[in-house]
Amino acid sequence: MVNVLKATERTSDRRSQLRELREQGGIPAIIYGYKTDNTPISIDSGEFIKTMREVGRNGVINLDVDGKKLNVVLHEYQEDPIKKEVIHADFLAVDMSQEIEANVRVELSGDAEGVRDGGVLQQILHEVVVTAKPDEIPEAISVDISGLGIGETISIGEIRGNYSITINHEDDETIATILAPRVEAEEGTEPSEAESEETGAEEE
């Protein structure tokens with residue numbers, strides 16, 4: 001299902017007008033891409049948030065710009081670091097029959113065997129770049145780590161066959177690994193030469 005988001009074309013990028021737009025609950029944005037000139041627009045903040053919750057980060061949106069409808073995906077956005085509100089959005093117009101690149105987050109699933117044995121899980125890749133048609137891009141890629149033991153890793157090559165989309169990473173690129181538990185120094189271990197010298201100096 002393609003969700004519709006209404007937008008209005010903007011005629012000015014003056015700071016005062018952008019500030020006023022945000023104060024009134026709007027978000028300045030821009031569209032570019034397939035058969036589309038760079039077009040500044042404004043969208044309603046509440047409708048934008050609602051739409052993104054429904055379609056997800058990589059979902060296709062039917063953007064209605066003053067009656068003209070375009071299939072778009074959210075390409076980039078800027079967020080206020082304090083208020084955590086979206087203050088600008090970039091929409092990429094897409095051809096539904098052509099593949100595009102997109103960033104997809106990586107989610108680890110399962111209870112790793114190595115963690116149960118005291119190891120420490122370290123996720124190396126939190127996001128991957130994929131190529132697929134716009135309506136085939138997943139919201140996330142799930143990686144099962146339940147069989148991963150201490151000292152073992154799972155790489156791109158081991159999950160590539162689980163997806164019909166193209167994952168634009170090398171097969172040997174590590175997604176996650178289980179590190180050995182940290183070994184604490186045993187009681188009674190002799191101090192190093194530097195430690196002995198430091199202790200002697202303090203006593204003097």
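Everything here concerns the structure above.
Residues numbered from 1 in each chain as written. Predicted model: local features only at pLDDT ≥ 70, side-chain atom pairs only at ≥ 80, totals over all residues. Heavy atoms only, no water.

Some points on the overall build of the chain
Filter applied, for reference: Numbering of helices and strands runs from the N terminus; a helix is a DSSP stretch of H or I covering at least four residues, while a strand is a stretch of E covering at least two. Buried residues are those whose accessible area, probed at 1.4 Å on protein chains only, stays under 20% of the maximum for their type, while exposed residues exceed 50% and partly exposed ones sit between those limits. Contacts between residues were defined by any pair of non-hydrogen atoms, one from each residue, lying within 4.5 Å. The Shrake-Rupley method, run with a 1.4 Å probe sphere, supplies the accessible areas, and residue values consider only the shown protein chains as cover.
Looking only at helices and strands, the chain has five helices and 13 strands in total. Counting all 204 residues of the chain, 36% fall into the buried class. For the chain, the proportion of contacts with a sequence separation of at least 24, taken over those separated by at least 6, is 63%. Accessible surface for the chain amounts to roughly 13,100 Å². Of this, 44% is attributable to carbon and sulfur atoms.

Here we look at the pattern of salt bridges
Put simply, the rule reads: Should a side-chain nitrogen of Lys or Arg be within 4 Å of a carboxyl oxygen of Asp or Glu, the pair is scored as a salt bridge.
Taken as a whole, this structure holds five salt bridges when the rule is applied. Across the pair Arg-105 and Glu-107 runs a salt bridge whose closest N-O atoms are separated by 2.8 Å. We classify Glu-107 as partly exposed; its relative accessible area is 35%. Across the salt bridge formed by Asp-171 and Arg-160, the nearest N and O atoms sit 2.7 Å from each other. In this pair, Asp-171 is assigned in the loop between strand S12 (166–167) and strand S13 (174–179) and Arg-160 in the loop between helix H4 (156–159) and S12, connecting sequence segments eleven residues apart. The network of salt bridges with shared partners includes Arg-105, Glu-107 and Glu-139.

Considerations on helix H2 (residues 45–55)
Selection rule: The directions considered for the arc run from the helix axis to the C-beta atoms. Distance and chemistry together define a polar contact, namely a pair of N or O atoms within 3.5 Å, with one atom able to donate a hydrogen and the other to accept it when in protein, and with adjacent residues in sequence counting only for side-chain atoms on both sides.
Turning to H2, its buried residues are Phe-48, Thr-51, Met-52 and Val-55. Each buried residue of H2 lies within a common arc of 95° when the element is viewed along its axis, so the set occupies one face. Looking at the packing, one finds that the buried side of H2 touches strand S1 (3–9), strand S2 (26–33), strand S3 (36–44), strand S4 (61–65), strand S5 (68–79) and strand S6 (86–93). At the N-terminal boundary of H2, the capping side chain belongs to Asp-44, with an oxygen 3.1 Å from the backbone nitrogen of Gly-46. Looking one or two residues past H2, Gly-56 carries a phi angle of roughly 85°, positive in sign.

Some details on the nonpolar core
For clarity, the cut-off: Put simply, a nonpolar core is a bunch of buried Ala, Val, Leu, Ile, Met, Phe, Trp, Tyr and Cys residues held in one set by side-chain atoms that sit within 4.5 Å of each other.
Core analysis: the biggest nonpolar cluster contains 27 residues, and Val-128, Val-130, Ile-141, Val-143, Ile-154 and Ile-175 have the highest contact counts within it. Where this core is concerned, the elements lending two or more residues are strand S7 (100–109), strand S9 (127–132), strand S10 (140–144), H4 and S13. Broken down by element, this core gets its largest block of residues, four residues, from S7. Excluding residues within four positions of it along the chain, Ile-141 makes contact with Val-104, Arg-105, Val-106, Glu-107, Val-128, Val-130, Ile-159, Tyr-163, Ile-165 and Ile-167. If you look at the next biggest cluster of nonpolar residues, it comprises 19 residues, including Leu-5, Ile-43, Phe-48 and Met-52.

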